[in-house]
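What follows is each chain in one-letter form.
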Amino acid sequence: MPIRVGVIGAGVMGADHIRNLSTTISGAEVTFVADLDGGRAAAAAPPSARVTTDPTELINSSEVDAVVIASHDDTHAGLVLECFEAMTPVLCEKPLAPTLLESREVVEAEADIFAATGARLLSMGFMRRFDPGYAALREATQARSQGEPLQVHCISRTAASGPGASSESAITNSAIHEFDIIPWLLGSPVTEVSWQAGRSSRHSTGELRDPSFMLLRAADGTLATLELFLNARYGYTTSCEVVSEYGTAALPEPTALAVHQEGQRRSDVPADWRPRFADAYRLQLQAWISALRRGEPAPLATGEDGLRASQVAQAMIRSLHSDGAFTKVTH
């Protein structure tokens, strides 16, 4: 029997999950979709699925075996805790929560469930761990074939920031990916961070200073950098390079159609992150569903991983409000 999945949130990310679960993921069936906008839920849901504007109804439905949370960041912690109450496995999109306090509450609640039942219910949607390029980069880094890693350089650029974006939300919603992937690549936790910004783009508005530059120091001494530019305008790109003692290793360039015409050479840049990480999302969902069908722990990022990323994010926010001072990460 397929795993009957309920998806909370039918926006860009939720709709993508619904399509994948309905068309490319083996052993899954989307049976319920919830969104505060009922029309959006109905438009994203498969014809046979129920829709609702009440996520609690979905979580407690007898027609749902597992839940994907792709709603607004502010709702994540509360909805995960509801899934715990229903003893329903849940895949939560990043971040675990916008605040460190909420993240700790979720992790402690899951620890209580594990102590009482042995069940691990929470998986985190840090899909870059399933990207073939990042997986190869991690394997090369941990093999130490180029000696010890010394520096990691990351760049993340998007075409335009979302409504109401701020420097804080850029940290908790966008940079959170690097806060997970950098220690995952190195096998060493981040212990100290600094947030910097110079001249901002004319497209940076409100409480957002953009682009920003972040420094992260790992426990093994490796220094990592992240350029985060939410209003780069030209499209979505991401890159990562590990500099080691005898060489470097970097993410491969995504395959793009090269066009030569009228004395020019060009290739298209995707408008957002979905084409770049399409494989990662599919592989992550398939790993989650396959593990649920076997009754095994899912090989995804855990709640503890989500908490550690939140701890780095909160230290980065403290640096932001301290004129870029290096700030210790409290684990």
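Below you will find a few notes about this structure.

1. A word on the overall build of the chain
Assigned secondary structure in the chain consists of ten helices and 15 strands. Relative to the globule expectation of 20 Å for 331 residues, the C-alpha radius of gyration of the chain, 20 Å, shows essentially globular dimensions. Across its three principal axes, the chain shows a C-alpha extent of roughly 55 × 55 × 45 Å. The buried share of the chain, reckoned over its 331 residues, is 51%. Sequence-distant contacts, at least 24 apart, represent 72% of the contacts inside the chain between residues at least 6 apart. Accessible surface for the chain amounts to roughly 15,200 Å². Of this, 51% is attributable to carbon and sulfur atoms. Considering the chain, the positive charge centre built from 27 side chains and the negative charge centre built from 40 side chains are found 5 Å apart.

2. Remarks on the pairing of strand β10 (residues 223-229)
A large share of β10 lies buried, amounting to six of its seven residues. The sheet contact formed by strand β7 (residues 149-157) and β10 spans seven bridges and is parallel. From the neighbouring strand, Arg 157 faces β10, where its bridge partner is Phe 229. Two elements, strand β9 (residues 212-218) and β10, share six bridges in a ladder whose sense is antiparallel.

3. Focus on the packing of aromatic side chains
Tallying each qualifying case throughout the model produces two aromatic pairs. Arranged with centres 6.4 Å apart and planes meeting at 20 degrees, the rings of Tyr 134 and Phe 277 form a pair that is stacked. On the criterion of sequence distance, the pair formed by Tyr 134 in helix α6 (residues 132-143) and Phe 277 in the loop between α8 (273-276) and α9 (278-294) is long-range, its members being 143 residues apart. Grouping residues by exposure puts Tyr 134 and Phe 277 together as buried. Ring-pair connections join several aromatic residues into one group, and the members of that group are Tyr 134, Tyr 236 and Phe 277. Against the face of Phe 114 rests Arg 120, its NZ or CZ located 4.1 Å from the ring centre.

4. Topic: the state of the cysteines
Linking two cysteines covalently through their sulfur atoms gives a disulfide. If you walk through the whole model with that rule in mind, you get zero disulfides. There is no disulfide at Cys 92, and the cysteine sulfur nearest it, in Cys 83, is 8.7 Å away.

5. Description of the sheet that holds strand β4 (residues 66-69)
Hydrogen bonds along the backbone pair up the strands of a sheet, which may run parallel or antiparallel. Judged by pairing direction, the sheet is parallel, and its six strands sit side by side in the order β3-β2-β1-β4-β5-β6 without closing on themselves. Across the chains shown, the open sheet's two edge strands, defined by having one partner strand only, are β3 (50-52) and β6 (122-125). The sheet shows a mean angle of 25 degrees between the axes of neighbouring strands, direction not considered. With four bridges joining them, strand β5 (residues 90-93) and β6 adopt parallel strand pairing. By the bridge assignment for β6, Leu 91 is matched with Ser 123. Against the sheet, helix α1 (residues 12-23) engages β1 (3-8), β2 (28-34), β4 and β5, with an angle of about 150 degrees to β2.

6. So, the sheet that holds β9
Here seven strands make up an open sheet; going across it, the order is β12-β11-β7-β10-β9-β8-β15 and the pairing mixed. Lying at the two open borders of the sheet, with one neighbouring strand each, are β12 (248-250) and β15 (327-328). With six bridges connecting them, strand β8 (residues 190-196) and β9 associate as antiparallel partners. Bridge assignment links Trp 195 to a residue of β9, and that residue is Met 214.

7. Details of the pattern of salt bridges
Following the criterion strictly, the structure yields 19 salt bridges and no others. One salt bridge connects Arg 50 with Glu 63, and the closest N-O pair in it is separated by 3.2 Å. Taken as a pair, Arg 50 in strand β3 and Glu 63 in the loop between α3 (55-59) and β4 lie far apart in primary sequence, 13 residues in all. For Arg 50, a relative accessible area of 35% corresponds to the partly exposed category. A salt bridge links Arg 129 to Asp 305, with the shortest nitrogen-to-oxygen separation between them at 3.5 Å. Of this pair, Arg 129 sits in the loop between β6 and α6 while Asp 305 sits in helix α10 (residues 303-320), and the two are 176 residues apart along the sequence. A relative accessible area of 18% means that Arg 129 is categorised as buried. One network of salt bridges, in which partners are shared, links Asp 16, Arg 19, Asp 272 and Arg 274.

8. What about the packing of helix α4 (residues 76-85) against helix α5 (residues 100-117)?
One way to put it is that α4 packs onto α5 with a least axis distance of 10 Å and a crossing angle of 10 degrees. Overall, the two elements α4 and α5 adopt an arrangement that is roughly parallel. Counting all contacts with α4, which are made through Ala 77, Val 80, Leu 81 and Phe 84, the residues of α5 involved are Glu 102, Glu 105, Val 106, Ala 109, Glu 110 and Ile 113.

9. A few points about the nonpolar core
Membership of the largest hydrophobic core comes to 72 residues, with the highest contact counts inside it found for Val 67, Phe 84, Ile 171, Phe 179, Met 214 and Leu 216. Sorting elements by how many residues they give to this core places helix α7 (residues 167-186) first, with ten residues. Not counting chain neighbours up to four residues away, the residues in contact with Phe 84 comprise Val 90, Val 106, Ala 109, Glu 110, Ile 113, Leu 121 and Leu 122. Membership of the second largest hydrophobic core comes to 24 residues, among which are Val 7, Ala 10, Ile 25 and Val 68.

10. Quick notes on the packing of α7 against α10
What describes two packed helices is the angle between their axes and the distance between those same axes. Two elements in contact, α7 and α10, have axes whose closest approach is 9 Å; the angle formed by their N-to-C orientations is 135 degrees. Between α7 and α10, the angle is such that the two are oblique. The way α7 lies across α10 gives a crossing that is right-handed. Facing α7, whose interface residues are Ser 167, Glu 168, Ile 171, Thr 172, Ile 176, Phe 179 and Asp 180, α10 presents Asp 305, Ala 309, Ser 310, Val 312, Ala 313, Gln 314, Met 316, Ile 317 and Leu 320. Its residues placed into classes, the contact of α7 with α10 shows nine nonpolar, four polar and three charged.

Definitions and cut-offs
Residue positions within a chain follow its written sequence, with the count starting from 1. Only residues with pLDDT of 70 or above have their local features reported here, since the model is predicted, and side-chain atom pairs are shown and tallied only from 80 upward, although totals for entire chains, interfaces and linings are computed over all residues. Hydrogens and water are ignored here; the side-chain numbers use all heavy atoms of the structure. By definition, any uninterrupted DSSP run of H or I lasting at least four residues is a helix, any uninterrupted run of E lasting at least two residues is a strand, and each is numbered from the N terminus. Between the two quantities, the radius of gyration covers C-alpha atoms and the globule rule is 2.2 Å times the number of residues to the power 0.38. Only protein chains enter the area calculation, which uses a 1.4 Å probe; residues under 20% of their type maximum are buried, those over 50% are exposed, and those in between are partly exposed. Residues count as neighbours in contact if any of their non-hydrogen atoms are within 4.5 Å of one another. Each accessible area value is a Shrake-Rupley result obtained with a 1.4 Å probe; residue values ignore everything except the protein chains displayed when judging cover. In this charge count, Lys and Arg are treated as positive and Asp and Glu as negative; neither His nor the chain ends contribute. A charge is said to be at NZ when it belongs to Lys, at CZ for Arg, at CG for Asp and at CD for Glu. In this description, strands pair whenever DSSP reports at least two bridges between them. What counts as a ring pair is set by centres within 6.5 Å for rings of Phe, Tyr and Trp (its six-membered ring), and what kind of pair is set by the plane angle: stacked under 30 degrees, edge-to-face over 60, tilted for all other angles. We call a charge positioned above a ring when the Lys NZ or Arg CZ atom is no farther than 6 Å from the ring centre and deviates by at most 35 degrees from the ring normal. By convention in this document, the label disulfide applies to cysteine sulfur atom pairs within 2.5 Å. An axis is simply a line fitted to the C-alpha atoms; with a helix, the fit covers only the stretch in contact. Between two such axes, the angle follows the N-to-C directions and lies from 0 to 180 degrees. In the sections that follow, a salt bridge refers to a side-chain nitrogen of Lys or Arg positioned within 4 Å of a carboxyl oxygen of Asp or Glu. Oblique is the label for any angle not covered by the other classes, which are roughly parallel (under 35 degrees), roughly antiparallel (over 145) and roughly perpendicular (65 to 115). The criterion is simple. A nonpolar core is a set of buried Ala, Val, Leu, Ile, Met, Phe, Trp, Tyr and Cys residues joined through side-chain atoms within 4.5 Å. Working rule for handedness: look at the near helix, and if it is turned counterclockwise from the far one by less than a right angle, call the crossing left-handed; if clockwise, right-handed. Just so you know the grouping, Ala, Val, Leu, Ile, Met, Phe, Trp, Tyr, Cys and Pro go in nonpolar, Asp, Glu, Lys and Arg go in charged, and all remaining residues, Gly too, go in polar.

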